[in-house]
Amino acid sequence: MTDSVRVIPIECKFGPTSAYAYYIDAPEPALIDTGVASSASQEIESVLADNGIRIEGIRWILLTHGHVDHLGGARAVWEKTGGRAEIVIPKKEARLLRDRNEHVVDYEGLQGKYVAPEIQEKHKAILVNDIGEGIEPSMEVVEGDKLSLGDGISITVVETPGHSIGSVTFVLDGLDWAFAADAVQVYGGAKSGIPTIEEPGLYRQSLQRLLQEVRPKRLYLGHHFQVAGGEVISPIVEEEQVSIVLQESLELDAKLAEVVGRHLSGNATSGENDSLYGPFASIAEEISYTGDPRNLPCAFFVTMNGYRKELAALQKK
Ligand SMILES: [Zn+2]
């Protein structure tokens, strides 16, 4: 247990947006998430150098989940440490670290099917370019696993799936600082304007658990998210703001489930159509979503796909 630990946020560029990595200053320093393949040289190394820290010294690379903007730089960071860092990833998403083609498979199932073939090809090329070559994880973690960073500083793994199927939150023991990254989406990314939720049922449960059981004193998020009023908040959320952010995340989830249920009940498994928003045009209109779903990453299709799947499963029962 410890009184305080220095954490350095590192904003990594990703297309028109960005993703946060966090350096934890411990005897065995850890980097939580890694941006994309170019982030190691472009941002991580220089931000650490500005703080008098050498990237070579990182001993743990902790990945909250397998999305390209969090895992894409893992191999490049690992190489900068001379292969000495341990790479840790949730067990359910280790395949995404081993083989970047798995990202293309996921892309096709979650959003690719809603866009034209030529856009799909463009997206797949971007994905492969932003992810380093595959690498074997040192450790595949599950709920309750503990990692020691030395000098009494330790981390507990809490499974918080939903944003992706295997997302985890790394909690700094004693301080109750939770590195949740994308497990908490509030009202969605500042640029995307809608949360990214692959599995709404799991997402809901994870938020409830964070709110009632884990009760972090501080949240470290993966992006600049917006809140209910449209304001964009800091990715580091403190004290009483934590429960507000969690409650607002649940609030938007409930709204999305209701709207999708109302628009798609009766044809939750219906096919695609020609609108820019695929089979979800009337939903986009109701929630005032005006983003361009032909951009990558497209939270809109991933999330609509998730709620539609949940609705179809409910209707089967
Ligand atoms: Zn993500």
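Residues numbered from 1 in each chain as written. Predicted model: local features only at pLDDT ≥ 70, side-chain atom pairs only at ≥ 80, totals over all residues. Heavy atoms only, no water.

J.: Please explain the coordination of the zinc ion as it appears in this structure.
T.: Think of it this way: four donors in a tetrahedron around the metal ideally sit 109.5 degrees apart, and six in an octahedron ideally sit 90 or 180 degrees apart. Distances from the zinc ion to its protein donors, His 65 (NE2), His 67 (ND1), His 163 (NE2) and Asp 182 (OD), fall at 2.1 to 2.3 Å. Coordination geometry of the zinc ion: the four donor atoms subtend angles of 86 to 174° at the metal centre, consistent with an arrangement described as irregular. We classify Asp 182 as buried; its relative accessible area is 3%. (Donors = N, O, S within 2.8 Å, 3.2 Å for Na, K, Ca; no water. Tetrahedral: all angles 85-135°; square planar, octahedral: opposite > 155°, others 65-115°. Buried < 20%, exposed > 50% of the residue type's maximum accessible area, 1.4 Å probe, protein only.)

J.: Just checking my understanding: could you explain the pattern of salt bridges for this structure?
T.: Pairing between side chains becomes possible if they bear opposite charge and their charged atoms approach one another. Applying the stated criterion across every chain, the model contains 22 salt bridges. A salt bridge links Lys 309 to Glu 199, with the nearest nitrogen and oxygen atoms 2.7 Å apart. Of this pair, Lys 309 sits in helix α10 (residues 299-316) while Glu 199 is found in the loop between β10 (177-181) and α7 (200-214), placing the two residues 110 residues apart along the sequence. Assessed through its relative accessible area of 41%, Lys 309 is described here as partly exposed. Each of the salt bridges in this network shares a partner with another, and the network as a whole consists of Lys 91, Arg 98, Glu 136 and Glu 140. (Salt bridge = Lys/Arg side-chain N within 4 Å of Asp/Glu carboxyl O. Helix = DSSP H or I, 4+ residues; strand = E, 2+ residues; numbered from the N terminus.)

J.: Looking at this structure, how should I read the pairing of strand β1 (residues 6-14)?
T.: The side chains of a regular strand alternate between both faces of the sheet. Here β1 pairs with strand β2 (residues 17-25) via nine bridges, running antiparallel. Of the residues in β2, the one forming a bridge with Ile 10 is Ala 21. What sits between β1 and β2 in their antiparallel hairpin is a turn of two residues, with Gly 15 showing a positive phi close to 55°. (Pairing = 2+ DSSP bridges.)

J.: I tried to follow the sheet that holds strand β6 (residues 139-141) on my own but got confused; where do I start?
T.: Across a sheet, paired strands are connected by hydrogen bonds in the backbone, their directions being either parallel or antiparallel. As summarised here, the arrangement of the six strands in space is β1-β2-β3-β4-β5-β6, forming an open sheet in which the pairing is mixed. Whereas interior strands pair on both sides, the edge strands pair on one side only; in this sheet they are β1 and β6. Sheet twist, expressed as the mean angle between neighbouring strand axes with direction ignored, is 20°. Note that strand β4 (residues 60-62) and strand β5 (residues 86-90) share three bridges and pair parallel. The residue of β5 that forms the bridge with Leu 62 is Val 88. (Axes fitted to C-alpha atoms, helices over the stretch in contact; angles between N-to-C directions.)

J.: Help me understand the packing of aromatic side chains in this model?
T.: The geometry of two aromatic rings is summed up by the distance between their centres and the angle between their planes. Across all of its chains, the model carries 13 aromatic pairs by this definition. Here Tyr 114 and Phe 301 contribute two aromatic rings whose centre-to-centre distance is 5.0 Å and whose plane-to-plane angle is 20°, an arrangement assigned as stacked. Taken together, the positions of Tyr 114 in the loop between α5 (101-110) and α6 (117-130) and Phe 301 in helix α10 put the pair 187 residues apart, joining distant regions of the chain. The buried category is assigned to Phe 301, whose relative accessible area is 0%. Taken together, the aromatic side chains of Tyr 114, Tyr 277, Phe 280, Tyr 289, Phe 300 and Phe 301 make up a single cluster linked through ring pairs. Residue placement shows Arg 218 over the ring face of Trp 177; its charged tip is 4.0 Å from the ring centre. (Phe/Tyr/Trp six-rings, centres within 6.5 Å; stacked < 30°, edge-to-face > 60°. Lys NZ or Arg CZ within 6 Å of the ring centre and 35° of its normal.)

J.: Sorry, what's going on with α7 here?
T.: Three or four residues apart is the spacing at which side chains of an α-helix point the same way, because the helix has 3.6 residues per turn. When the terminal C-alpha atoms of α7 are compared, their 20 Å separation across 15 residues agrees well with the 21 Å that a helix rising 1.5 Å per residue should span. Buried residues along α7 sit against β8 (154-159), β9 (168-172), α8 (240-264) and α10. Positioned one or two residues after α7, Arg 215 has a phi angle of 40°, which is positive. (Expected span 1.5 Å × (residues − 1). Contact = heavy atoms within 4.5 Å.)

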